[in-house]
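Inside the fold
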Amino acid sequence: MRNKHILFFLFFCPFHTVQAQDSIVFKGQFSTWINLNGNNELPVWTGGRYIPQVNWCRTSASSSLFDMEFSANIVGSAGIHPFDSVHAEGQIQPYRAWMRFSSHQFEFRLGLQKINFGSATMLRPLMWFDRIDPRDPLQLTNGVWGLLGRYYFLNNVNAWLWVLCGNNDPRGWDPLPTRKWTPEIGGRLQLPVPLGEVAVSYHHRTADNSTLNDMLQRYDRIPEHRIGFDAKWDLEAGVWIEGSWTRNSKNIGIFTHQEILDAGIDYTFSLGNGLYTAYEHLLVAFDEKAFAFMNRTSFSLVTLSYPVGLFDKLSVIVFYNWTGRKFYNFLSWQKQYNNITLYLMAYWNPEQYQLPALTFSQDLFSGKGIQLMFVLNH
């Protein structure tokens, strides 16, 4: 599962040492792409990204670990209308910047970090602090500034507690930004059950819609309470449910309440090298009254993935918007060469893009087109 505590023990920083030991690792990821889409005003988009990363850690004889990670997101892109116009943009920003103290049963991590959890794999109601798009081969997402504590009991129960601050932009399913420099707090309790696990989560923040021109009622302080639940069972197939309810303490029209529900199933058929299949259905509602489900949208998603030999993989993702009655189609071929990966992606989507909370180049991926991506990990 996503939250097993063994994951945070870094492979280059082992715990079996009997003396204090320092380790440092430099690595990075370079990617470049070209996107061709005749529906766009600028039909050719090309760009590059470099994420340099340094990890330092110290282990001790008491099996405790102190480590740090620092990385940056350096990206630039250009849109081209051949022989007519060019538009270029770029930015440099921190990607991760955290320090952590951990042992076999607990972890405290402070700084700019990724926080994600839940049982759903693609259409995730509990996407509270990230925006990972299932179609993005790099699975990139901005982090959040804060302190995260996790404790893992010996019976596989685990408890989370987090305090965030300095994260103002909307994240995940947020319809409104967070009030500047106002702390957020939340937690999560995850319990084992026969053949699976269940969890409940809670988060409190203060939203701010005072700078938004399209709001009927504007407030600079809107206390917001968010409750989530998720469960997953490993039966003959994997089965999961996940949901989130957000309640704002002030009446802000249809954004006063938000309900998101998801159910899914996945299975790998023993055909050839193994055909992975998954299906999810998502319901999203925004209403002035809780659980009214008057302003709702529903999506279905089907994904197929098949490894062709040892180094190639084909993937298909199809979304269907039941409210707008539109399909979104995505096909990807991946080829691996040691630390080099090539992706060839094709898509056929509506020109009016309406996939909520998914941010993988929405402006570029409307209509029909292809993208070629080269990725080098060192």
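This one's a predicted model, so the numbers in the text were calculated from it and none came from an experiment. (Residues numbered from 1 in each chain as written. Predicted model: local features only at pLDDT ≥ 70, side-chain atom pairs only at ≥ 80, totals over all residues. Heavy atoms only, no water.)

**A closer look at the packing of aromatic side chains**
Aromatic ring pairs: the centre-centre distance and the angle between the two ring planes describe each pair. Heads up, the rule is: For this analysis, a ring pair means two rings from Phe, Tyr or Trp (six-membered ring only for Trp) whose centres lie within 6.5 Å, classed as stacked if their planes differ by under 30 degrees, edge-to-face if by over 60, and tilted for the remaining angles. Helix and strand assignments follow DSSP, with helices taken as H or I runs no shorter than four residues and strands as E runs no shorter than two, numbered in order from the N terminus. Buried means the residue's accessible area, taken with a 1.4 Å probe over protein chains only, is under 20% of the maximum for its type, while exposed means over 50%, and partly exposed covers the values in between.
Considering all chains together, one arrives at 16 aromatic pairs under this definition. Ring geometry for Phe 117 and Trp 160: centres 5.6 Å apart, planes at 80°, overall edge-to-face. With a gap of 43 residues between them, Phe 117 in the loop between β5 (106-113) and β6 (144-152) and Trp 160 in strand β7 (residues 158-164) connect regions that are remote in the sequence. Between the aromatic rings of Phe 129 and Trp 162, the centroid separation amounts to 5.5 Å while the plane-to-plane angle is 75°, which identifies the pairing as edge-to-face. On the criterion of sequence distance, the pair formed by Phe 129 in the loop between β5 and β6 and Trp 162 in strand β7 is long-range, its members being 33 residues apart. Considered together, Phe 129 and Trp 162 belong to a single accessibility category, that of buried residues.

**Some remarks on the pattern of salt bridges**
What counts is decided by this rule: The salt bridge criterion pairs a side-chain nitrogen of Lys or Arg with a carboxyl oxygen of Asp or Glu, the two atoms within 4 Å.
Here the structure, examined in full by the defined rule, presents 16 salt bridges. Where Arg 226 meets Asp 174, a salt bridge forms, and the shortest distance between an N and an O atom there is 2.8 Å. Placement of the pair is Arg 226 in strand β10 (residues 222-234) and Asp 174 in the loop between β7 and β8 (184-193), with a sequence separation of 52 residues. Judged by relative accessible area, Arg 226 falls into the buried class, the value being 2%. Between Arg 179 and Asp 220 there is a salt bridge, with its nearest N and O atoms 3.7 Å apart. One end of the pair, Arg 179, is in the loop between β7 and β8; the other, Asp 220, is in the loop between β9 (196-207) and β10, with 41 residues separating them in the sequence. On the basis of relative accessibility, which here comes to 39%, the residue Asp 220 falls in the partly exposed class. A single salt-bridge network, built from bridges that share partners, covers Arg 171, Asp 174, Glu 184, Arg 205, Glu 224 and Arg 226.

**What to know about the side chain of Asp 174**
Rules: Within 3.5 Å is the distance limit for a polar contact, defined as a pair of N or O atoms, with the added protein rule that one can donate a hydrogen and the other accept it, and that residues adjacent in sequence qualify only through two side-chain atoms. Whether two residues are in contact is decided by their heavy atoms, any of which lying within 4.5 Å being enough.
Judged by its relative accessible area of 6%, Asp 174 falls in the buried class. In this structure the side chain of Asp 174 is engaged in a polar contact, spanning 2.8 Å, whose partner is the side chain of Arg 226. With residues near it in sequence (within four places) discarded, Asp 174 still touches Arg 131, Arg 205 and Arg 226.

**Looking at the pairing of strand β16 (residues 326-337)**
For the record, the criterion: Note on pairing: DSSP must find at least two bridges between two strands before they are called paired.
In terms of strand pairing, strand β15 (residues 312-321) meets β16 through 10 bridges, oriented antiparallel. Bridged to Ile 317 within β16 is Phe 330. The loop that links β15 with its antiparallel partner β16 comprises four residues; one of these, Arg 325, has a positive phi angle of about 55°. As judged from the nine bridges shared by β16 and strand β17 (residues 340-348), these two strands associate in the antiparallel manner. Considered in β17, the bridge of Leu 331 is made with Ala 346. The hairpin turn running from β16 into β17, its antiparallel successor, is two residues long, and Asn 338 in that turn takes a positive phi close to 50°.

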